[in-house]
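Chain by chain, the residues run as shown.
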Amino acid sequence: MKYTRVARAALAEKIGTRILVVDPIHPDPAAIAEAASVLQGGGLVAFPTETVYGLGANALDAGAVARIFRAKGRPASDPLIVHIHDRVQLALVAAEVPEVALMLAERFWPGPLTLVLRRAPAIPPGVAAGRPTVAVRMPRHPVALALLAAVGVPIAAPSANRFSRPSPTLASHVLEDLAGQVDLVLDGGPAPIGLESTVLDVTLDPPVVLRPGGVTLEALRAVLPVVTFVPRYLPMEPQESAPAPGMLLRHYSPRAEMMLFSGPAEHAVQAMVATAQRLAAAGRRVGVMAPEQELGAFADLDVLTESLGPRDDPAAIGARLFACMRALDASGVDAILVHAIAPEGLGLAVWDRLFRATEGRVVDTMPLRESNRL
Ligand code: TXA
Ligand code: MG
């Protein structure tokens, strides 16, 4: 069933989730203070960050953190990110901050980079799924920073979606998944980047990217050329050993069968049109997700299309990706065909999320010997 924004909000309030609309640049201090008091009382607050909405709890309160796992239906084996306001909190949450972490923090914080560091005793083991490490990030969204400043403790926050749903980039996405499970939602409008942070393990030498995200690999390597990334998502790479937690393949599983087409646009679109025709002929409802310039090819077919945005604007595509997935899933199609952008810059994170959503179902429309474009 579809609800309007107002009806959904009314319903959420009725079942115990309060919603406060805040200005994303200058949030009302009274709203922030209210959210902070919910966190101080052991409650859950969903709030916007520059990447996606987070589902926050006081990171020092094991009971509150346990509520996050219950609300999301998240396995206790998947550790959370701890959000900090400043360097003083960094010293509280991390047992050790290597030189290389300081250098990266200097360059990328506040911002969409998460550093995996050795965990300090102040952080309950449950936050980190019992690991000796903890993932730490200083967000740059004014609402997140204001909330951190007001509450005075680090905030543990995974993305505010139910387990195996796309990350939320709007407050309405949070309510779709978590109404009644979260005490308060700060609605600060769309999350600007729309893709989660880059997770970098700096306890390893050289540091390893566990999840590509809002800070590109290219930007990291400009500061630290030795950073490695095992591109286990890319079709040309053989699957590696046991994945780190951030690398689990099963991530977002739509009801529809999802297929990712790789290759230059002209090849991919041709293959997608042929597949769409075949599926439609078999009576299946088909959805297509692709850059705006490529959708014309589907105009005469009986398919539902979602534009990812202009092909030459990876930031716009990243920002729309999860909302497009949710829209197609909600429309009840049986199959979703996707073409995205090359895995360079932000495109690597886009590729990663799609590869996981399709559980590795990639249709290579051009042999990689002829082209290494994806
Ligand atoms: O942009 C983001 O990172 C958002 C916003 C809310 O900050 N948060 C987010 O959290 O995406 P979550 O829980 O959905 O993803 C956290 C990722 C997971 O892949 C998790 O396995 C990994 O970080 N992670 C957390 N702690 C870790 C640790 N100690 N070692 C390795 N990976 C860790
Ligand atoms: Mg998540």
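Shown above is the structure to which this text applies.
Notes on the structure follow.

Time to look at the overall build of the protein chain. Within the protein chain, the regular secondary structure consists of 11 helices and 17 strands. Projected onto its principal axes, the C-alpha positions of the protein chain cover 55 × 50 × 35 Å. In the protein chain, buried positions account for 55% of the 374 residues. The contacts of the protein chain with a sequence gap of at least 6 include a subset with a gap of at least 24, amounting to 69%.

Another point: the side chain of Asn-58. On the secondary structure map, Asn-58 appears in strand 3 (residues 53–58). Separated by 2.8 Å, the side chain of Asn-58 and the backbone nitrogen of Leu-60 make a polar contact. Non-local contacts of Asn-58, meaning those with residues more than four positions away in its chain, are made with Leu-39, Ala-64, Val-65, Val-153 and Pro-154.

Residue position: Val-6 is located in helix 1 (residues 5–14). Overall, Val-6 belongs to the exposed group, its relative accessible area being 65%. Separated by 166 residues in sequence, Val-6 and Ser-172 place their C-alpha atoms 10.0 Å apart.

Further remarks concern empty space enclosed by the protein. On inspection of all chains with the given rule, the structure shows 1 cavity of 30 Å³ or more. Space inside the largest cavity adds up to approximately 40 Å³. Forming the walls of the largest cavity are Thr-198, Val-209, Pro-212, Gly-213, Val-215, Thr-216, Leu-217, Gly-345 and Leu-348. For the lining of the largest cavity, the class distribution of residues is 5 nonpolar, 4 polar and no charged.

In total, this model carries 18 salt bridges according to the counting rule given. Of the charged contacts in the structure, one is a salt bridge between Glu-176 and Arg-326, with a shortest N-O distance of 2.9 Å. With Glu-176 in helix 7 (residues 171–178) and Arg-326 in helix 10 (residues 314–330), the pair connects residues that are 150 residues apart, well separated along the chain. A relative accessible area of 41% means that Glu-176 is categorised as partly exposed. The closest approach of N and O atoms between Arg-353 and Asp-352, which form a salt bridge, is 2.4 Å.

Their axes nearest at 9 Å, the elements helix 2 (residues 29–40) and helix 6 (residues 142–151) cross at an angle of 55°. One element, helix 2, and the other, helix 6, form an angle in the oblique class. Every pair of crossing elements has a handedness; the one defined by helix 2 and helix 6 is right-handed. For the pair helix 2 and helix 6, the contacting residues are Ile-32, Ala-35, Ala-36, Leu-39 and Gln-40 in the first and Val-143, Ala-146, Leu-147, Ala-150 and Val-151 in the second. In terms of residue class, the contact of helix 2 with helix 6 is made up of 9 nonpolar, 1 polar and no charged.

Turning next to unusual backbone geometry. Omega for the peptide link from Trp-109 to Pro-110 comes to -5°, which places this bond in the cis form. Along the chain, Pro-110 turns up in the loop between helix 5 (99–108) and strand 6 (113–119). Note that the residue after Asp-205, namely Pro-206, is joined by a cis bond; omega there is 0°. Residue position: Pro-206 is located in the loop between strand 10 (198–201) and strand 11 (208–211). One non-glycine residue, Ala-129, adopts positive backbone phi at about 50°. The residue Ala-129 is located in the loop between strand 6 and strand 7 (133–137) in this model. Phi is positive for Ser-164, close to 70°, though the residue is something other than glycine.

Turning next to the environment of Pro-112. Counting through the fold element by element, Pro-112 comes out in the loop between helix 5 and strand 6. Taking the relative accessible area as the measure of exposure, Pro-112 reaches 3% and is therefore buried. For Pro-112 and Ile-193, which are 81 residues apart along the polypeptide, the C-alpha to C-alpha distance reads 8.8 Å. Excluding its chain neighbours within four sequence positions, the residues that come into contact with Pro-112 are Glu-50, Thr-51, Arg-137, Arg-140, Ile-193, Ser-197, Thr-198, Gly-214 and Val-215.

This part takes up the packing of helix 10 against helix 11 (residues 347–357). Following both chains from N to C, one finds helix 10 and helix 11 inclined at 15°, their axes separated by 10 Å at the closest point. By the angle between their directions, the pair helix 10 and helix 11 is classed as roughly parallel. When you trace helix 10 past helix 11, the crossing you get is left-handed. Side by side, helix 10 and helix 11 meet where Ile-317, Gly-318, Leu-321, Phe-322 and Met-325 of the first sit next to Val-350, Arg-353, Leu-354 and Ala-357 of the second. Tallied by class, the residues present in the contact of helix 10 with helix 11 amount to 7 nonpolar, 1 polar and 1 charged.

So, about the sheet that holds strand 16 (residues 335–339). An order of 15-14-16-13-17 is seen for the 5 strands of this open sheet, with the pairing classed as parallel. The strands lining the two open edges of the sheet, one partner per strand, are strand 15 (303–307) and strand 17 (362–364). Taken pair by pair, the neighbouring strands of this sheet meet at an average axis angle of 20°, ignoring direction. Pairing between strand 14 (residues 286–290) and strand 16: 4 bridges, direction parallel. The residue of strand 16 that forms the bridge with Val-286 is Ala-335. Where helix 9 (residues 265–281) meets the sheet, its contacts fall on strand 13 (257–262), strand 14, strand 15 and strand 16, and the angle it forms with strand 16 comes to roughly 170°. Lying on the sheet, helix 10 is in contact with strand 13, strand 14, strand 15 and strand 16; it crosses strand 15 at an angle near 160°.

Conventions adopted
- Residues numbered from 1 in each chain as written.
- Chains lettered and ligands numbered in written order.
- Predicted model: local features only at pLDDT ≥ 70, side-chain atom pairs only at ≥ 80, totals over all residues.
- Heavy atoms only, no water.
- Helix = DSSP H or I, 4+ residues; strand = E, 2+ residues; numbered from the N terminus.
- Buried < 20%, exposed > 50% of the residue type's maximum accessible area, 1.4 Å probe, protein only.
- Contact = heavy atoms within 4.5 Å.
- Polar contact = N/O pair within 3.5 Å; in protein donor to acceptor, adjacent residues only side chain to side chain.
- 1 Å grid on protein atoms, 1.4 Å probe; cavity = no way out; pocket = protein on both sides within 12 Å on 5 of 7 lines; lining within 4 Å.
- Points joined across faces, edges and corners; volume = space filled by probe spheres on them.
- Nonpolar A, V, L, I, M, F, W, Y, C, P; charged D, E, K, R; others polar.
- Salt bridge = Lys/Arg side-chain N within 4 Å of Asp/Glu carboxyl O.
- Axes fitted to C-alpha atoms, helices over the stretch in contact; angles between N-to-C directions.
- Parallel < 35°, antiparallel > 145°, perpendicular 65-115°, else oblique.
- Left-handed = near helix turned anticlockwise from the far one by under 90°.
- Pairing = 2+ DSSP bridges.

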